[in-house]
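# Coordinate analysis (summary)
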Amino acid sequence: MRLLPSSTLLVFGLLLGACDDSEPGPSTPDSGVQVERGPRAIPLDGDPNGLFWDEASQTLYIADDQNHRLLKYRDGEGVSLASALSAAPANSPNLGQVVRLQDGTLVTVRFGFGTAGAVLFVRPDGTTGEVPELPTNRRRIGLTVARDGRLFDSYFVRNSNVNVGSVAVVSLKDGTEKEVVGALVKPVGVLAVEDSLYISDQIAGRIYRSPLSNPSELTTLATITEPDLLALGPGGALLTGTRTGQVLRISTTDGATSVLASGYQQVHGIAYDAANRRLFVADHDGDETNGTTHFLQIIPVE
């Protein structure tokens, strides 16, 4: 099944919302716009990967892993283009996580398959750019902002089919990327919460925790088969997705893991809207033999 044009899919998504069994949610403050709490599946002309919920603007930002662009979802408006990024090198449109800085700058990372890895940004005025002179062999995926404003990314390099993974501090101002955690295999998710840094290593099958004051002091919080990107969820728990279509909830107290939602294709990025008690899930179709359909899932959380 071929992908439909964006306009057709957006209309189709709105029709799905009108016809599904989900109950209407509360209206957003001062807007009169009804909140979609789901459950609802919105088909996308693209492949959603990293998700970021911006509470202040009531906007979900979506990194399109297929078309080298950032999309956005807003209640009452649906999915639309947030920014078309600068042209990607051939066969390297793949994006990882996306975050929004305090000044409104959007930042994302390009995987690059060992030749075109990059850190990309969109300024509040819409201008796009790339942090210059960073190593292009770094396959970047994860991204997070600490409460002190520091920006961390995760990446790995492949030497003779052996992965060597790291987490680094990135400075858009200085154009630098300095390793703070090494000796990982395939770090996918990285998430700063209060004074801690959490890292999901997909190949090692572990969720690590370390103090932001000394990120290299890793301890294992949980053991999970092929965890993906990380998000902060209900009750301060961590959330991650799996290739078997599950959303997992991980206690930051003792690492206890439970299934919060299931029945999807492959869960990549996750974002949580605490005010409206709903999850956004990047639902990736990993089997292209019968056509490809990727979804943005909206899931109510009680």
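For the structure, see preceding data.
Small disclaimer: the values here were computed from a predicted structure and weren't measured.

## Some points on the packing of aromatic side chains
Taken as a whole, this structure holds four aromatic pairs when the rule is applied. Taking 5.2 Å as the distance between ring centres and 25° as the angle between the ring planes, the aromatic pair formed by Trp-53 and Phe-280 counts as stacked. Placement of the pair is Trp-53 in strand β4 (residues 48-54) and Phe-280 in strand β25 (residues 278-284), with a sequence separation of 227 residues. Both residues of the pair, Trp-53 and Phe-280, count as buried. Ring centres 5.0 Å apart and planes at 85° place the aromatic pair Phe-111 and Phe-113 in the edge-to-face group. Aromatic rings pair up to connect Trp-53, Tyr-73 and Phe-280 into one cluster.

## Examining unusual backbone geometry
Between Gly-38 and Pro-39 the backbone carries a cis peptide bond, its omega angle lying at 5°. Here Pro-39 shows up in the loop between β2 (34-36) and β3 (40-44). In this structure, Ser-160 takes a positive phi of about 50° despite not being glycine. Judged by its relative accessible area of 76%, Ser-160 falls in the exposed class. Even without glycine at this site, Asn-161 takes up a positive phi of about 65°. Of note, Asn-161 is situated in the loop between β13 (151-159) and β14 (162-171).

## Details of the sheet that holds strand β7 (residues 78-84)
With antiparallel pairing, the four strands of this open sheet are ordered in space as β4-β5-β6-β7. Each of the sheet's edge strands pairs with one partner strand only, and the pair in question is β4 and β7. Taken pair by pair, the neighbouring strands of this sheet meet at an average axis angle of 25°, ignoring direction. When strand β5 (residues 59-64) meets strand β6 (residues 69-74), the two strands line up antiparallel, connected through five bridges. Bridge pairing links Tyr-61 to Lys-72 in β6.

## Let's talk about the sheet that holds strand β23 (residues 257-261)
For sheets, the rule is that strands pair by backbone hydrogen bonds, running either parallel or antiparallel. Spatial ordering of the open sheet is given by β20-β21-β22-β23, a layout of four strands whose pairing is antiparallel. Edge positions in the open sheet fall to β20 (230-232) and β23, since each of these has one partner strand only. Strand-to-strand, the axes of this sheet are offset by a mean angle of 35°, without reference to chain direction. Looking at chain direction, strand β22 (residues 247-250) and β23 are connected through four bridges and run antiparallel. Bridged to Arg-249 within β23 is Ser-258.

Thresholds applied
- Residues numbered from 1 in each chain as written.
- Predicted model: local features only at pLDDT ≥ 70, side-chain atom pairs only at ≥ 80, totals over all residues.
- Heavy atoms only, no water.
- Phe/Tyr/Trp six-rings, centres within 6.5 Å; stacked < 30°, edge-to-face > 60°.
- Helix = DSSP H or I, 4+ residues; strand = E, 2+ residues; numbered from the N terminus.
- Buried < 20%, exposed > 50% of the residue type's maximum accessible area, 1.4 Å probe, protein only.
- Pairing = 2+ DSSP bridges.
- Axes fitted to C-alpha atoms, helices over the stretch in contact; angles between N-to-C directions.

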